[in-house]
Amino acid sequence: MNLRENKMKKLITLFILVAFGFTVQAQEKGSVLIQNATVITVTNGDLEDTDVLIRDGIIEEIGKDLRAPRGVETVDASGKFVMPGIIDAHSHLNGVDINEARNPVTAEVTMEESVDPNEVGIYHALAGGATTIHLMHGSANVIGGQGETLKLRYGVSQEEMKFEDASRTIKFALGENPTRVHGQGNGVQPRTRMGVEQVVRGHFDEALDYKRKREAYLEAKAEFDRRGRGTPPVPVAKNLRYEVLNDIIEGEILVHCHSYRADEILMLMRVFNDYGVENYTFQHANEAFKVAPELAKNGAHTSVFSDWWAYKFEVYYSTAYNASILNANGVVNSINSDNDQLLRTLNHEAAKVVRYGNTSVNDALKMITLHPAIQLGIDDRVGSIEEGKDGDVVIWSGHPFDIYSKAEMTFVDGTKYFDLANDADDMRIHINPGTEFEDGSNFRRIVDNREEDACLQDTFILLGEQSAHNHN
Amino acid sequence: MARLYFEEINAVISAAKIIIRTGTMKKYIPLLVLFFVGMSFAGLQAQTTPAHALTNVTIHNADGSTTESATIVWRNGVIEAIGTNANIPFDAYEMDGGDSLHVYPGFIDGLAIWGSPDLPRSQDLPRLEEPGNPPYDRAGIQPERKPSEILKEDKAFEAAMKAGFTTAGLYPNGYMLPGQVEAFYLSNESEDVELLKESFGLAGSFDEAPGGWGSGAYPSTMMGVMAQFRQVMFDATALQQHMKYYAQNPEMPAPDRDQVLEALFPLVNQEKPLYFEVDQKEHIERLFKLQDEFGFDAVIVSGREAYAKADELKKRNIPVLANIDFTDIPEWYKKQKEAEESDKKEEDAPEEEISDEEQNYREKQLEAWKAEVTNIKKLMDANVSVGYASAGMELKDLSGKLEILLDEGGLSESDVVKLMTVNTANILGINKTHGSLEKGKNASFSVFNKVMSEEKAKVLHSISNGTIHEFEGK
């Protein structure tokens, strides 16, 4: 065996060991004692010189001079800040497909079945202090697919990435996207905003009708099977789409609705009031500030960009004060990325809310932690640093709203998934063996162009607008 | 009758081209004479077909052992005797292998698309009124299609036999539910490819509707396929229930019969397995999910990353018909190997200068490639039932891929033979007749000029269901 080969074998063995160790570690809940940090709890102010003990994935104790239990690693965070892991309520980071854009209503499809756990962008997001994302279906359809809330446990399977027991969610979309894709692209309803409303109402009505028929059938079938005589009922097949729509009406699924204009936001709230749908968040919602009191009255939430608009006609009217106005009106608002690059700097996006609208630092922090957690139905587990919550925390070199601060360590369930001091160049889990180095070295564009909301990604081909919206 | 007659002629010609003896005369006979003798003999013996005997050959058994100076006797497609002291019946056409020929059990392609109708071209697909609600066939849902009913002419059949295949599972090329799986005796003439085992499984994949994303029908994504698979299963369940009720209760409204949904009943009832073409480990996990919901038996077809799920496959008793359509060997690795294999001393070969970054990349690339080519070995080591399927790979690529499998995949020649014969026969459920050469089994085997893994090895004769196909000189 020559030297080169020997070296390579050693390296391969080492790599396998590292990879294997990583996997084992990833599947376990971790323990760590972070000492002497400024702890941004979000729900209980900032605590100076404080320790946070995470055991088996759960924050066990927050206090001073805590002792590390046997075998638990300690991290000295003197002069550093610890905050809850950032939560992005609107992401398409690692979807295999984003838009099942062939029908205006596709409630039956779910991003749970479109998760790519090998996407290296997960690691990049961890490097920006993010620990949870809401992986969403796109906005091509009035009622799109269901979403999946994921913890960024990089290196585990798609199943293990799932945020256990998170609420079910679904994507709705109003305005130009569904009318362009379906009305103009496919020649089916909806072609107008009026049509969008009718698609929602029509499908809710059909779903309710289905439910009555299906329940009547199952009842008659049970009766017939029990008695063994009479005339059996004509079977009504189980319908996945209508089952999901009924789950929405019954409040089992949180609605996240892509929307821009105030009039369409009001429209959907009227529709939801008619059908008794209560828990929903307006995504993007650039004109939400115009109807902030109405949103607050209905208990509706919003998830907005800090300062991005005018990228298409329906979103010309907006303001960088949107988040602050909503917050001042008591609307639970979050700041989202809808973009793989922005996901890595959501702390900056939240800081802008302080800069523009004088929202308090803690309220702005809530917009990337506790508020998205509320909107995803996971605020009992994450979104703040409290005893009993999950050990999803980030250690920052300085205050996270300081432009010079860096995320130094990111923990999910007490397990360290990112460590700036041990940050390998190439963190891909999966590469295609057919890709040569020259093609594989620039493996991911970290900075994406931001020409259009990512919700409609891939759908331009349907609109014959490929060239106009070519992202390259 | 006519067919039998031609078989005899064929057999005689084949026999004549090797070294020919008859059972009694023990004397070389010129080709033409034998030709006529054969014809008349066939005419006289129409009621009992004569036997064939191939003598003095090396038999490579499915279990990896070899038998030298062996004889195989077969009649009517069935092996009558095999071994070193097989009795040669008086009426047998005897062919002498001259101790130089190698006989392998006929290779079985677990699932191929040979003879399948062409896929529609995107531009030919009709524009739909409702892209969200296309007809079943437009959505790629065609479980009613049987290869035996739609098989068409395909040059691949002859190429397959030349590569040593005598038997294959076939399914129609298509999309999410392309049709049924059936096994066939191969022949070099497409019209002589005969059904061996009728519809014993359904084929499936996560392929979206024809035309893909651009040309428009639901389901156009994998998650859409998952949902639509469930919906057609629910619809089939309801139709079956309706048909059952109606059969007993003619006073109720009649069901709308539907051949597409009815073809899914065996899957709903867990009576036939789903042969599912899938590669990525995440996709395999998605298949597990569907299996958990509907309880059908599954066979994984292709399964490039099946090794990553080996334990789960074992637990679920899911066999794999593995594809060997490996990614090409990384160029730098190929060069490195060539340099090592050549006699050049290390100093003579110029050391390539590469950056640490590239070196790291190469290690990852090689690791990924090795994982791919050792897939079958890892599955075998984990005691997963693993056979072979071309699953769309072209036959011209076979020898190169087999070479990789032998050089880098950790398999020996006997492992490969086992993989492509008895293992695959077990998975297709045709092991009572196929997959090994034994008395009473089907006479399907290939005669190679040398050991199959040696250079310039080729098939001279292929015997499928007892019929001799001749390739020498072609």
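Every value quoted in this text rests on a predicted model; they were computed, and no experiment measured them. (Residues numbered from 1 in each chain as written. Chains lettered and ligands numbered in written order. Predicted model: local features only at pLDDT ≥ 70, side-chain atom pairs only at ≥ 80, totals over all residues.)

S.K.: When you look at the overall build of chain A in this model, what are you seeing that I'm missing?
M.R.: Regarding its fold elements, chain A presents 14 helices and 16 strands. Residue burial in chain A is summarised as follows: out of 472 residues, 49% are buried. A separation threshold of at least 6 residues defines the contact pool for chain A, and within that pool the share at least 24 residues apart is 70%. (Helix = DSSP H or I, 4+ residues; strand = E, 2+ residues; numbered from the N terminus. Buried ≥ 20, exposed ≤ 12 C-beta atoms within 10 Å, placed from the backbone. Contact = placed C-beta atoms within 7 Å.)

S.K.: Before we go on, may I ask you to explain the interface of chain A and chain B in this structure?
M.R.: The interface of chain A with chain B comprises 44 residues on the first partner and 48 residues on the second. Of all the secondary-structure elements, those providing two or more residues to the side of chain A that touches chain B are helix 1 (3–27), helix 3 (158–161) and helix 13 (437–440) of chain A. The dominant element in the side of chain A that touches chain B, judged by the number of residues it contributes, is helix 1 of chain A, at 4 residues. Considering only residue class, the side of chain A that touches chain B consists of 21 nonpolar, 13 polar and 10 charged. (Nonpolar A, V, L, I, M, F, W, Y, C, P; charged D, E, K, R; others polar.)

S.K.: Help me understand the domain arrangement of chain A, please; the structure alone is not making it clear to me.
M.R.: Interfaces are frequently sized by the accessible area removed from exposure as the parts join. All names here are of chain A. For chain A, the assigned domains are domain 1 (11–84 + 386–430) and domain 2 (86–382 + 441–472). At the interface, 25 residues of domain 1 touch 29 residues of domain 2. Here the element with the most residues in the side of domain 1 that touches domain 2 is helix 1; it accounts for 4 residues. Classifying every residue of the side of domain 1 that touches domain 2 by side-chain character gives 16 nonpolar, 5 polar and 4 charged. (Domains from an automatic or database assignment.)

S.K.: When you look at the sheet that holds strand 10 (residues 274–278) of chain B in this model, what are you seeing that I'm missing?
M.R.: Each strand in a sheet pairs with its neighbour through backbone hydrogen bonds, running either in the same direction (parallel) or in the opposite one (antiparallel). Residues and elements named next belong to chain B. Taken in spatial order, the 8 strands line up as 6-7-8-9-10-11-12-13 in an open sheet, and their pairing is mixed. Where the open sheet ends on each side, the last strands, each with one partner, are strand 6 (107–112) and strand 13 (386–388). Averaged over neighbouring strand pairs, the angle between their axes works out to 30 degrees when direction is ignored. Pairing analysis gives 3 bridges linking strand 11 (residues 298–302) to strand 12 (residues 320–322), with the strands arranged parallel. Paired with serine 302 across the strands is alanine 322, a residue of strand 12. Against the sheet, helix 8 (residues 281–294) makes contact with strand 10 and strand 11, and its axis sits at roughly 155 degrees relative to strand 10, the strand it touches most. (Pairing = 2+ DSSP bridges. Axes fitted to C-alpha atoms, helices over the stretch in contact; angles between N-to-C directions.)

S.K.: Can you walk me through the sheet that holds strand 9 (residues 168–173) of chain A in this structure?
M.R.: Residue and element names in this part refer to chain A. Here we have 8 strands laid out as an open sheet, ordered 6-7-8-9-10-11-12-13, and mixed in their pairing. The open sheet has two edge strands, strand 6 (86–91) and strand 13 (333–335), and neither has a second partner. On average, each strand axis in the sheet is inclined to that of its neighbour by 25 degrees, with strand direction left out of account. Inspection of the sheet shows strand 6 paired to strand 7 (residues 130–135) by 4 bridges, in the parallel sense. When the bridges of strand 7 are listed, serine 91 appears paired with leucine 135. Its contacts with the sheet put helix 7 (residues 262–275) on strand 10 (253–259) and strand 11 (280–284), and the angle it makes with strand 10 is roughly 155 degrees. Across the face of the sheet, helix 10 (residues 346–357) comes into contact with strand 6, strand 7 and strand 13 while running at roughly 130 degrees to strand 13.

S.K.: When you look at the domain arrangement of chain B in this model, what are you seeing that I'm missing?
M.R.: Residue and element names in this part refer to chain B. Parsing chain B into structural domains produces domain 1 (2–106 + 437–470), domain 2 (109–325 + 369–428) and domain 3 (331–364). The interface is formed by 17 residues belonging to domain 1 together with 19 residues belonging to domain 2. Looking at the side of domain 1 that touches domain 2, the elements with two or more residues in it are strand 5 (93–105), strand 14 (445–448), strand 15 (459–464) and strand 16 (467–470). It is strand 15 that contributes the most residues to the side of domain 1 that touches domain 2, 3 residues altogether. Its residues assigned to classes, the side of domain 1 that touches domain 2 shows 6 nonpolar, 11 polar and no charged.

S.K.: Can you walk me through the packing of helix 5 (residues 193–227) of chain A against helix 6 (residues 240–249) of chain A in this structure?
M.R.: The geometry of a pair of packed helices is captured by two quantities: the angle between their axes and the separation between those axes. Residue and element names in this part refer to chain A. Taken N-terminus to C-terminus, the directions of helix 5 and helix 6 make an angle of 105 degrees; their axes are 9 Å apart at the nearest point. Accordingly, the angle class assigned to the pair helix 5 and helix 6 is roughly perpendicular. Where helix 5 approaches helix 6, its residues His203, Phe204, Glu206, Ala207, Tyr210 and Lys211 are matched on the opposing element by Tyr242, Leu245, Asn246 and Ile249. When the residues that make up the contact of helix 5 with helix 6 are grouped by side-chain class, the tally is 6 nonpolar, 2 polar and 2 charged. (Parallel < 35°, antiparallel > 145°, perpendicular 65-115°, else oblique.)

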